[in-house]
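Structure assessment
Here is what each chain is made of, one letter per residue.
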Amino acid sequence: MQNKGLIKLFALLFGLVSIYQLSYTFVTSKVEKEASTFAASRISESEDGYVAKREAAAASYLDSIGNNPVFGYTNYNEAKKKELNKGLDLKGGINVTLQISIKDILKGLANNTKSPIFNKALADADAASSNSDDTYIDLFFEAFDNIKGDTKLASPDIFANKGLSDEINFQMSDDEVKPIIRRKIDESIVSAFEVLRERIDGFGVTQPNIQREGNSGRILVELPGARDIARAQDLLSSTAQLEFWETYKQSNTSFSTFLIQANEKLKTIVEVKQPEQIKEESELDSLLSDVSADSLDLATQVNPLYELLIPANPGSNAMFRASIKDTATIGSYLRMPEIRRLLPADIQFTKFVWERPSTEETEVIDLYALKSNRDGTPRISGDVVSDARADFDQFSKPAVSMTMNTKGAKEWEKLTGDAYTNQTGIAIVLDNKVYTAPGVSSGPISGGRSEITGDFTVNETKDISNVLRAGKLPASAEIIQSEIVGPSLGQEAIDSGFMSFLIAFVIVLLWMIGYYGKAGVFADIALMLNILLIFGVLTSLNAVLTLPGIAGIVLTLGMSVDANVLIFERIKEELAKGKGKSQAVADGFGNALSSILDANITTGLTAVILFIFGSGPIKGFATTLLIGIVTSLFTAIFITRLLIDWYIGGKGRSLDFSTGITKNLFKGINVDFLAKRKIAYVISGILIAVGLFSLLAGPGLQQGVDFVGGRSYTVRFEQPVNPSEISSELNTVFGSGTNVKTYGESNQIRITTPYKVDVEGIEVDNEIQDKLYTSLQKYLPDGITKDAFVLGGIDDETFGIMKSSKVGPTIADDIKNNAFLAILGSLAVVFLYILLRFRRWQFSLGAVTAVFHDVLIVLGVFSIFGKLMPFNMEIDQAFIAAILTVIGYSLNDTVVVFDRIRETLAERGWKGGSNINYAINSTLSRTLNTSLTTLVVLLAIFIFGGESLRGFMFAMIVGVVVGTYSSVFIATPVMFDALSKKVTSGTVEKVIEE
């Protein structure tokens with residue numbers, strides 16, 4: 001081997017850099033352990049809420065020593081930025097995909113036009129978006145073109161408005177306007193991205209991740225370690241639409257008139273229950289004292305509106321009050337066009353807005369009547385706020401202090417002056433909720449300073465000031481996909497992942513020594529360096545380590561072993577030919593190189609496709625797999641060679657590449673594989689037919705929420721529970737389609753429901769959590785609160801929701817399409833690679849047929865056994881990752897066999913296929929050795945790697961078994977049968993060009 005010195009230098013430098021990068025992770029782990037010890041010594045377990053207090057104490061400790069030197073070269077704050085990133089499934093936290101509303105952006109660009117053509121095009125685009133993969137803007141332009149008639153995008157009442165006058169004029173054609181609108185939308189999404197990034201920076205989690213997903217208007221946000229999930233969701237989805245309105249007075253008689261007329265009208269258009277008993281006179285009579293009691297006759301009539309409204313507290317600037325449970329009904333009444341038309345002329349543009357509930361225990365909230373105009377615009381909007389900060393009011397309660405720019409200060413002075421003169425209030429509205437509505441007692445307020453007060457916590461004032469400083473989102477942001485993992489489940493994943501990794505690693509090390517003796521020791525040294533390099537590269541690239549990522553690293557062990565097995569088997573063949581040690585080693589490495597490269601390139605191609613089409617943890621799996629391929633090649637080809645050359649270069653040293661048990665293993669085997677191909681075809685045909693019958697006419701595949709949309713919850717109980725009993729109860733609550741099954745231990749279940757899958761918003765998430773808490777309460781420990789249930793695993797009592805995920809139907813379709821494209825793409829790429837590598841389409845046909853064979857059998861197994869196995873076998877993104885990995889592994893095996901066939905035929909010719917049998921028999925040792933090693937590794941992950949990986953690992957275990965079989969009994973026979981008889985009979989000898 002040439003340039004040994006250079007390789008030694010590279011190996012030394014790579015090793016040192018990896019150790020240096022990983023040292024930051026060691027530093028943070030050490031300091032955080034000290035912080036936990038410090039917190040535990042200060043706060044006893046007997047204190048109420050000791051877990052949260054300890055967390056606060058540990059955080060305070062870390063803040064105080066953050067800049068203190070550690071080991072003389074770094075400090076905690078610096079090390080935290082450079083440590084190995086752990087993903088959501090290892091650390092807990094929240095991962096969401098936000099959809100920025102392109103529709104809202106278009107409406108804003110069109111200045112909220114009333115154009116019927118424009119609004120009809122929006123409605124058509126909405127309808128089409130649910131069944132199309134095209135972007136919303138493309139669907140809008142298509143819909144507009146279909147109905148526009150003589151109307152142009154550059155019409156004055158659409159995009160040729162005052163706001164876009166610098167770029168769009170009346171003479172421009174639609175083709176000229178469209179790229180401008182596309183650019184404006186992209187700018188708005190960039191603006192939303194920056195707003196969200198600023199908000200996240202102020203949230204207080206380490207190593208947050210935020211990135212755009214192409215031009216789809218989607219933004220991926222990951223907050224590892226986030227504990228207050230509701231707070232994080234509010235922060236991300238809040239548009240921060242701050243508005244200032246003047247309120248109407250309670251004594252305004254126009255509202256009394258409106259209320260009477262609205263109540264009477266509602267009697268004719270809504271269904272209401274007759275009163276079961278005579279009610280006492282309503283307190284609302286005091287508000288309506290100018291109306292005759294005889295005309296109302298409240299004691300005997302049905303009153304849809306009166307019965308839900310409560311008089312507001314005297315002296316407040318609210319108009320009415322109501323129970324929170326009735327607010328949706330009241331709101332729907334007040335939005336009815338026939339009810340809105342009853343508003344008297346002096347209040348016809350009134351905007352009704354509810355108060356923000358101060359706490360979760362609040363039962364009654366105020367309804368405010370705000371002075372509005374024909375366009376529904378506020379007196380002052382939030383874009384005039386130049387700064388905002390968390391503060392305390394005159395009573396030392398948390399508040400938000402705001403400063404306005406010059407324009408805002410003038411408008412604020414006028415608004416406060418009007419409120420003082422009219423003796424009305426000023427409602428401060430954030431995201432369509434009234435936070436406070438104080439009156440003005442001392443005349444106009446100059447200077448542009450104002451304050452938002454209310455029953456806030458310190459965190460709430462921090463978040464409000466944070467979003468106001470960052471600015472409002474240019475459009476609403478809906479959470480269309482989310483995953484929430486409790487920290488205790490993350491710690492369990494770390495423990496199980498580390499256990500599976502350690503067991504697999506030890507087994508592989510012992511296997512190599514047991515099979516290859518001293519040579520196995522050198523392979524193990526290279527293997528340990530390989531693992532060090534993988535973690536070093538992950539840290540250097542700031543990549544995220546996930547549980548599937550750990551699986552990818554463990555799988556890399558099998559691939560690294562495969563390369564060493566190929567090399568050692570070829571060296572043994574060269575030694576058997578009578579060559580000297582040095583020459584046998586050189587020729588063995590040289591002859592194995594082609595097979596190693598081909599096998600790793602095909603696996604690498606599938607990993608690249610997985611990286612492109614995958615998301616979240618699956619991308620983490622692909623990342624570690626790609627890194628592992630590169631480091632495995634380096635360590636197997638160069639490091640193992642250096643160690644072996646060094647050892648055999650010494651005097652009197654013997655290296656046999658086998659042990660007493662394995663020395664003659666697989667020698668003298670001469671199986672006629674081609675003669676048995678018809679039997680193999682029949683067996684495979686039966687297996688595929690049974691699988692297809694199950695897929696098409698039987699139970700079929702169980703699609704997870706990734707592919708059909710819905711919500712999934714992993715819930716843990718104190719005692720074992722009956723999933724069938726819970727399923728029956730939840731189907732009553734959520735309707736049919738809710739699925740409940742045991743997930744891991746008998747005290748843990750996984751609940752999947754399509755309930756309101758088409759409805760976005762945190763309100764639906766809260767509604768489902770409420771229903772789950774109510775339905776499951778009898779199975780939970782006594783006294784557990786809803787908060788403790790929703791945030792299961794936050795405290796030391798790990799009961800409640802440990803993990804939850806939500807996938808909207810639109811993104812579910814995208815995931816499914818991407819999965820389909822990933823599989824087709826990998827097959828196409830591999831077909832082309834093998835065609836280029838082996839120069840005959842018959843080799844590509846054999847390889848792709850074997851891959852199809854393997855995929856169909858794995859799908860069949862999942863269809864047949866999906867509901868029988870005691871672990872999750874749903875088809876989701878992880879399953880697609882497993883399928884692609886099976887494709888890569890199957891091709892790995894097939895390419896190694898094809899490589900030996902090509903080499904053998906080049907030397908010996910076809911001879912009716914007998915030399916193909918010889919080539920397969922000569923690779924049998926490598927095939928079985930690698931497959932058994934990989935199986936042992938996968939079994940270790942399957943058993944010890946945690947519940948979330950079991951379905952994933954099961955698919956790979958089946959795939960490895962079937963892939964090993966197909967490379968010998970399907971791929972090669974199909975290739976052989978596809979060749980012409982002239983070739984296989986030996987009439988045409990030269991069929992493969994080297």
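Above this text is the structure in question.
Residues numbered from 1 in each chain as written. Predicted model: local features only at pLDDT ≥ 70, side-chain atom pairs only at ≥ 80, totals over all residues. Heavy atoms only, no water.

The next point concerns the environment of Arg900. Structurally, the position occupied by Arg900 is in helix α28 (residues 877-908). The spacing of Arg900 and Ser595 is 305 residues in sequence and 8.0 Å in space, taken between C-alpha atoms. Those residues in contact with Arg900 that sit more than four places away from it in its chain are Arg570, Glu573, Ala919, Ser922 and Thr923. A polar atom in the side chain of Arg900 sits 3.2 Å from the side chain of Glu573. (Helix = DSSP H or I, 4+ residues; strand = E, 2+ residues; numbered from the N terminus. Contact = heavy atoms within 4.5 Å. Polar contact = N/O pair within 3.5 Å; in protein donor to acceptor, adjacent residues only side chain to side chain.)

Most peptide bonds take the trans configuration, and most residues that are not glycine carry a negative phi. We note that Phe71 has phi near 60 degrees; this positive angle belongs to a residue other than glycine. Tracing the backbone shows Phe71 in the loop between β1 (69-70) and β2 (74-75). One non-glycine residue with positive phi stands out, namely Gln423, at about 55 degrees. Structurally, Gln423 is set in the loop between α14 (406-422) and β15 (426-430).

The subject of this paragraph is the sheet that holds strand β9 (residues 320-323). Across a sheet, paired strands are connected by hydrogen bonds in the backbone, their directions being either parallel or antiparallel. Taken in spatial order, the four strands make up an open sheet running β8-β9-β11-β10, and their pairing is antiparallel. The outermost strands of the open sheet, each flanked by one partner alone, are β8 (309-311) and β10 (351-354). Across the sheet, the mean angle from the axis of one strand to that of its neighbour is 35 degrees, orientation sign disregarded. Direction of pairing for β9 relative to strand β11 (residues 364-370): antiparallel, over a ladder of four bridges. In the strand pairing of β11, Arg321 is matched with Asp366. Across the sheet, helix α12 (residues 327-335) touches β8, β9, β10 and β11, and the angle it forms with β10 is around 175 degrees. (Pairing = 2+ DSSP bridges. Axes fitted to C-alpha atoms, helices over the stretch in contact; angles between N-to-C directions.)

Bringing the side chain of Asn921 into the picture now. By the secondary structure assignment, Asn921 is in helix α29 (residues 914-944). Within the structure, Asn921 has its side chain in polar contact with the backbone oxygen of Asn917 (distance 2.7 Å).

Here we come to the pattern of salt bridges. Applying the stated criterion to the full structure yields 34 salt bridges. Of the charged contacts, one joins Asp326 and Lys325 as a salt bridge, the two residues approaching to 3.5 Å between their closest N and O atoms. Assessed through its relative accessible area of 14%, Asp326 is described here as buried. In this structure, Arg389 and Asp391 form a salt bridge, with 3.1 Å as the shortest nitrogen-oxygen distance. Judged by relative accessible area, which is 39%, Arg389 ranks as partly exposed. Residues joined in a network through salt bridges with shared partners are Glu246, Lys371, Arg379, Lys414 and Asp418. (Salt bridge = Lys/Arg side-chain N within 4 Å of Asp/Glu carboxyl O. Buried < 20%, exposed > 50% of the residue type's maximum accessible area, 1.4 Å probe, protein only.)

Quick look at the packing of helix α21 (residues 677-696) against helix α27 (residues 841-865) now. Relative orientation of the contacting elements α21 and α27 amounts to 50 degrees, with a least axis distance of 8 Å. Between α21 and α27, the angle falls in the class oblique. The interaxial crossing formed by α21 with α27 has left-handed handedness. Residue-level inspection shows Ser684, Leu687, Ile688, Val690, Gly691, Leu692, Ser694 and Leu695 of α21 in contact with α27, the latter providing His853, Leu856, Ile857, Leu859, Gly860, Ser863 and Ile864. Of the residues in the contact of α21 with α27, the class split is nine nonpolar, six polar and no charged. (Parallel < 35°, antiparallel > 145°, perpendicular 65-115°, else oblique. Left-handed = near helix turned anticlockwise from the far one by under 90°. Nonpolar A, V, L, I, M, F, W, Y, C, P; charged D, E, K, R; others polar.)

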